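An overview of the molecular structure
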Amino acid sequence: GESVGLHLPTLSVQEGDNSIINCAYSNSASDYFIWYKQESGKGPQFIIDIRSNMDKRQGQRVTVLLNKTVKHLSLQIAATQPGDSAVYFCAVPPGSNTGKLIFGQGTTLQVKP
Amino acid sequence: GAVVSQHPSWVICKSGTSVKIECRSLDFQATTMFWYRQFPKQSLMLMATSNEGSKATYEQGVEKDKFLINHASLTLSTLTVTSAHPEDSSFYICSARDLGHTDTQYFGPGTRLTVL
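Read on for an overview of the structure. (Residues numbered from 1 in each chain as written. Chains lettered and ligands numbered in written order. Predicted model: local features only at pLDDT ≥ 70, side-chain atom pairs only at ≥ 80, totals over all residues. Heavy atoms only, no water.)

**Description of the sheet that holds strand β3 (residues 19-25) of chain B**
All names here are of chain B. Keep this limit in mind: Two strands pair under a simple rule: DSSP has to find at least two bridges between them. By the criteria applied, helices consist of DSSP H or I runs no shorter than four residues and strands consist of E runs no shorter than two, each listed in order from the N terminus. Axis geometry follows a simple rule: fit a line to the C-alpha atoms, using only the stretch in contact for helices, then measure angles between N-to-C directions, giving values from 0 to 180 degrees.
Taking strand neighbours across the sheet as the criterion, the four strands line up as β1-β3-β8-β7 in an open arrangement whose pairing is antiparallel. Taken across any chain shown, the strands that pair with only one partner, and hence form the sheet edges, are β1 (4-7) and β7 (67-73). Averaged over all pairs of adjacent strands, the angle between strand axes in this sheet comes to 15 degrees, irrespective of strand direction. In the sheet, β3 pairs with strand β8 (residues 76-81) via six bridges, with the strands oriented antiparallel. Its bridge partner being in β8, Val 19 is matched across the sheet by Val 81.

See below:
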């Protein structure tokens, strides 16, 4: 089955710097990828998604990069702010149109003032 | 954006009692909702898929008789933890799939269950 992993459990950055959070997936047939942000005690919040027919997608201060060759995606946050401190999860549907999502283990982003 | 609510936001109960958690899609219809469980400092683990008008489908290892799911309308799914024990203490999160727009899944704010 699908498995999703993150490279680093914790990332600490200085306010104003750029942050890069990585994620690896196992199923080469995966065609949709989502990044969520979860603040303490709250539910996940959608950040950005990307489909496999793209290798880059940009949002407001965020960019997702997809490398299908090595089954890797990353979330880049520009000019990181204290409000960006949270746990970030990548999520991937395990296949078929069920709506299910398999979540990675999460990376805790700590922003130092 | 679409809003999903959960009630209650937190609950404390005695061991052996049952607890019902509600998940509502407030401004869209959801034929499918999902229930997740999250232990401290861990990721979300899918428990079951709640289907409006039919039986829920459970993930492997999740006891369907312990975690009762009812999806009686297009905007409401309920999860009942029956005969709760301390090991059921967790953060329960629901999500709803908005098929009316972009097939995006929206998450509720979660319910913190503490079983004494």
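**What about the interface of chain B and chain A?**
Interface size is commonly expressed as the accessible area that is lost once the parts come together. Put simply, the test is: In what follows, a contact means two residues having at least one pair of non-hydrogen atoms within 4.5 Å. The buried area of a pairing is the accessible area, by a 1.4 Å probe, that goes missing from both parts when the two are put together, added over both. When a carboxyl oxygen of Asp or Glu is within 4 Å of a side-chain nitrogen of Lys or Arg, the pair counts as a salt bridge. Definition of a polar contact: a pair of N or O atoms within 3.5 Å, with one able to donate and the other able to accept a hydrogen when the atoms are protein atoms, and with sequence-neighbouring residues admitted only if both atoms are side-chain atoms. Three classes are used, and their members are as follows: Ala, Val, Leu, Ile, Met, Phe, Trp, Tyr, Cys and Pro are nonpolar, Asp, Glu, Lys and Arg are charged, and the others, Gly among them, are polar.
Counting residues at the interface gives 18 residues for chain B and 16 residues for chain A. When the buried area of chain B at its contact with chain A is split by residue, B:Ser43, B:Arg97 and B:Phe107 rank highest and sum to 32% of it. Counting the contacts that link chain B with chain A gives one salt bridge. Taking the shortest distance from any N to any O, the salt bridge between A:Lys100 and B:Glu59 comes out at 2.8 Å. Across the chain B-chain A interface, the total number found is six residue pairs in polar contact (both at pLDDT 80 or more). Sorting the residues of the side of chain B that touches chain A by element identifies β4 (32-38), β5 (45-51), β9 (90-98) and β10 (104-107) of chain B as the ones contributing at least two each. Residues that form the side of chain B that touches chain A fall into these classes: eight nonpolar, seven polar and three charged.

**A short note on the state of the cysteines**
Quick reminder of the rule: In this description, the term disulfide denotes a pair of cysteine sulfurs within 2.5 Å. Whether a residue is buried, partly exposed or exposed follows from its accessible area with a 1.4 Å probe, protein chains only, as a fraction of its type maximum: under 20%, in between, or over 50%, in that order.
The full count for this structure, using the stated rule, is two disulfides over all chains. The side chain of A:Cys23 participates in a disulfide bridge whose partner is A:Cys90; the two sulfur atoms lie 1.7 Å from each other. Handedness here is read from the sign of the S-S torsion; for A:Cys23 and A:Cys90, about 55 degrees, the answer is right-handed. Here A:Cys23, found in strand β3 (residues 19-25), pairs with A:Cys90, found in strand β9 (residues 86-92); they are 67 residues apart in sequence, far enough to count as distant. Assigned by exposure class, A:Cys23 and A:Cys90 land together as buried. Each disulfide pairs two cysteine sulfurs, and for B:Cys23 the partner residue is B:Cys94, the sulfurs being separated by 2.0 Å. Measuring handedness by torsion sign, the sulfur bridge of B:Cys23 and B:Cys94 sits at about 80 degrees and is right-handed. Residue B:Cys23 is located in strand β3, and its partner B:Cys94 is located in strand β9; the two are separated by 71 residues in the primary sequence. The burial state of B:Cys23 is the same as that of B:Cys94; both residues are buried.

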